[in-house]
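Take a look at the letters that make up each chain.
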Amino acid sequence: MKLGRITFFAGALVLAPQAAGAQETGDLPAIDVIQETPVQKAARARKKAPAVSPLSTAPTTTVSSEGAGGAAAGAEGGAGGLAAPITVPSAVTNVTDADIEREGTGSVQEVLQQKVPGVIISDAAGNPVRSEVNFRGFTSSSVSGRAQGLAVYQNGVRINESFGDVVQWDFLPSNAIDSMSVVSNNPSFGLNALGGAISIIMKDGFSYQGGEVDVMAGSFGRRQVGVQAGGSSGNASAYFATEGIWDDSFRDYSESEIKRFYGDLGFKGTFAELHLSLTAAKNKIGASAAAPVELLDRDWSNTFTTPQESTPEVIMPTLSAKVKATDTLTFSGVGYYRNYKNSVIDGNVTELEECDVAPDPSNPLDLEEGFCTEAESGPPTNFIRDAVTGEFIEADDFDEDTLGSIERLKTKSESWGAAFEGQEKTPLFGRPNLFIAGVSYDHGRSNYKTSSELAQIQPGYVAEGTGVTYRDEENELTPRDLDSENTYWGLYFSNALDITDRLTVTVGGRYNHATIKLHDNTDDFPELNTTNKYERFNPMAGANYKLFPGLSVYGGYSESNRAPTPAELGCAEPDNPCLIESFLTDDPPLDQVIGRTAEIGLRGQGNYYGGRYTWGAGLFRTMSEDDILPVTSSSGRIYFVNAGDTLRQGVELSATYETRTWNVYGSYAFVDATLDTCNDPSGECAFLEPGDRLPGIPRHIFKAGFEYWLTHKWKIGADLVASSNSPFFPNEVSDEEDLNAFLPGYTRVDLHTSYDITDNIQVYGLVKNLFNQKYGLYGTYFEAEEVSELDEALGGPGFEDSRTVSPAMPFAAYGGVKVRF
């Protein structure tokens, strides 16, 4: 075959055969460059909207408002979860690679915030790399100790980590993501999908052909390089993407270094398709957490007690396959292995104080002054010893005025699993029908180690270690060494039947079983050696009705359950709480959380005055029975309780309009998240009263944005996010001092522009937080009076305000160059 023409289309290289009879020459084939118009790009993005299924690796189905043929038009591929038909009876928002490119910095969390009506980000860690995704009041976070309420899937593999269900968003190369779907509650996504699920589909050599190099730099020492390339030959394909990000941060001592990779080898035949992929990352993230508001008033870049650093790593190979057995029957499956490591260093102030130590045969120094923790009443009894020698620690060796600690934790997890699914499209009663059934299995083993080292706080609130690791006589601060083993398996089915050309009815359900084993390796906490089992069947039912062409109404009801994580089970004792996110104690078992969700809505799409519009409006209500909430003490210790029933309900509105030269979008979400009833036997209910708003969740979220092509080469755009206030996270300090603070609302505006110098070279610019708004993304309390003495010892004026806040990034600007080939 002779090559007659080479065509570049949106970065893809297309080789066309030479026409029969054409004259052969020694010249290279002619080259045509096709400029992709905005409406073509939008159409391509819509085509890539994935099916609503954890294992949907063939993103060919668009969630539509059309009702006819819904069941028959269900997604091909996708196993391990409900491969929903296009008439899915719940809210679904699709995010494309074009949306990720528009955001510009490679932050998956920021993209979800821009495009999904009910999503807002918060930042308990104090670093945008580790920011959290909140959807309808449910959280997906990389920080242990946060109540996780969303399941996250990558090419059908659940990537909530084995030990604490955390999600390391920093592991995902943003340039390798083909699309994302945010799906409201659906039991097919298994455990921990109380608020819904986020399904991420990665690129491969069949879907992406070409190459790109993206280099960017800007404010706060930001340097970023992204490379991707893919293509196919015959029945085989290959794709890889890598990103490197170096950021000095706007906050002191908060530098980040991100190195992440994704690759895929694919093989496709007439009746089968096979993919072998690898995800790998090795990151170093400075996360300085919240700081006193008075300290931030001195300088927005100030941090409170460092070092605070996390070094997560992952290696995850996966193997997925799809086989078309007959014209109507398709089998799909995926298997994976995941190796996860994370080390955390956390500098802190300490609650230790000098006290008299009575003479003791085990105390050869016969100390007069040592360290202890404050007793609730009477003289102190909990004395501090050297964790290695067992001897009392001599107070004279340290400066009590600047005494602090450095906590260290190490998590190592190995997990593996598989899922298999069958899809049958044979008509039922002469009507289009899609029946799905499958099974999933996930197994994980983790080791969790923690320790505390005495430190001296230096200027700038930098904790400098002394080399003395300590423990206490009552085992509140004693080092931990815990093994955990968790096994999850589930059986599920769904059936979507077109009752008429207008009405599609979907029913289904999933049975979940979880076994969680804990074993203490120190022999200090024998009560930790437990096995906890949880099981439940979660039903779902819903319908979609086509009112008119381009307009449909949907409604559904579903249930879900969340089993406590090993981290939560190991830290559920109020009298012996966790020192930080890491420390585990011998605890009572927690009950699983049961979620019940109902929603109803309208959605439409169509063409109007030369452009295309989409819109949606919906109501949702989720009651979470025996919700697990973290309780934070004034010293930073954490324990978990079944606080009670929580209610999250609200409204979501969204609309888009796009033409050949411009597009615009807008959305609004009202999220009313409250404690409905208190079931905590202690009556504390995470320091909340029935009717109180849940912390960290704003009631009103508004987003809008536009893009305009000034010429066919030059584009400009802007995005706006506005949030109302949200309650601080309460703790013992707020309870004792009767504090009820709110994070103020904010409005942030971002700008972006790009110019195509040639058809293969583009320059672009980004502005984040255009008006330099100073606002917080997380708020809680600390003991201002006690820490004030430390501030004065370091030369400061002291503290009077007990509020602490994680500051948002101020004004930032970036510029970059993309080269496509």
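Residues numbered from 1 in each chain as written. Predicted model: local features only at pLDDT ≥ 70, side-chain atom pairs only at ≥ 80, totals over all residues. Heavy atoms only, no water.

**Quick notes on the state of the cysteines**
What counts, and what does not: Disulfides are defined in this document as cysteine sulfur pairs within 2.5 Å. A run of H or I in DSSP counts as a helix once it spans at least four residues, and a run of E counts as a strand once it spans at least two, with each numbered from the N terminus. Relative accessible area decides the class of each residue, using a 1.4 Å probe on protein chains only: under 20% of the type maximum gives buried, over 50% gives exposed, and in between gives partly exposed.
With the rule as written, the count across this model stands at two disulfides. Put simply, Cys355 and Cys372 are joined by a disulfide, and their sulfur atoms are 2.4 Å apart. On the criterion of sequence distance, the pair formed by Cys355 in strand E22 (residues 353-356) and Cys372 in strand E23 (residues 369-372) is long-range, its members being 17 residues apart. A single burial state applies to Cys355 and to Cys372, both of which are buried. Cys678 shares a disulfide with Cys685; S-S distance 1.5 Å. An S-S torsion of about 85° defines the bridge between Cys678 and Cys685 as right-handed. Owing to a relative accessible area of 0%, Cys685 belongs among the buried residues under this scheme.

**Details of the environment of Pro730**
Tracing the backbone through its elements, the reader meets Pro730 in the loop between strand E38 (726-727) and helix H6 (732-737). Through-space distance from the C-alpha of Pro730 to that of Val631 is 8.0 Å; in sequence the pair is 99 residues apart.

**Concerning the confidence of the model for the protein**
The following threshold applies: A residue's pLDDT is the confidence the predictor assigns to it, expressed on a 0 to 100 scale. Residues count as neighbours in contact if any of their non-hydrogen atoms are within 4.5 Å of one another.
On average, residues of the protein score 85 in pLDDT, and 84% of them are at 70 or above. In the model, residues 1-53 has pLDDT below 50 throughout and makes 113 contacts with residues more than four positions away in sequence or in other chains. pLDDT under 50 marks residues 579-588. Its contacts with residues more than four places away, or in other chains, come to 59 contacts.

**Comments concerning helix H3 (residues 108-115)**
Most of H3 is tucked away: eight of the eight residues are buried. Taken as a whole, H3 has its buried residues at Val108, Gln109, Glu110, Val111, Leu112, Gln113, Gln114 and Lys115.

**A look at the sheet that holds strand E9 (residues 157-158)**
Put simply, the rule is: What makes two strands pair is DSSP finding at least two bridges between them.
Read across the sheet, five strands follow the order E4-E10-E11-E8-E9 without closing on themselves; strand pairing throughout is mixed. The sheet terminates laterally at strand E4 (92-96) and E9, the two strands that pair on one side only. As judged from the six bridges shared by strand E10 (residues 177-183) and strand E11 (residues 196-202), these two strands associate in the antiparallel manner. Paired with Ser181 across the strands is Ser199, a residue of E11.

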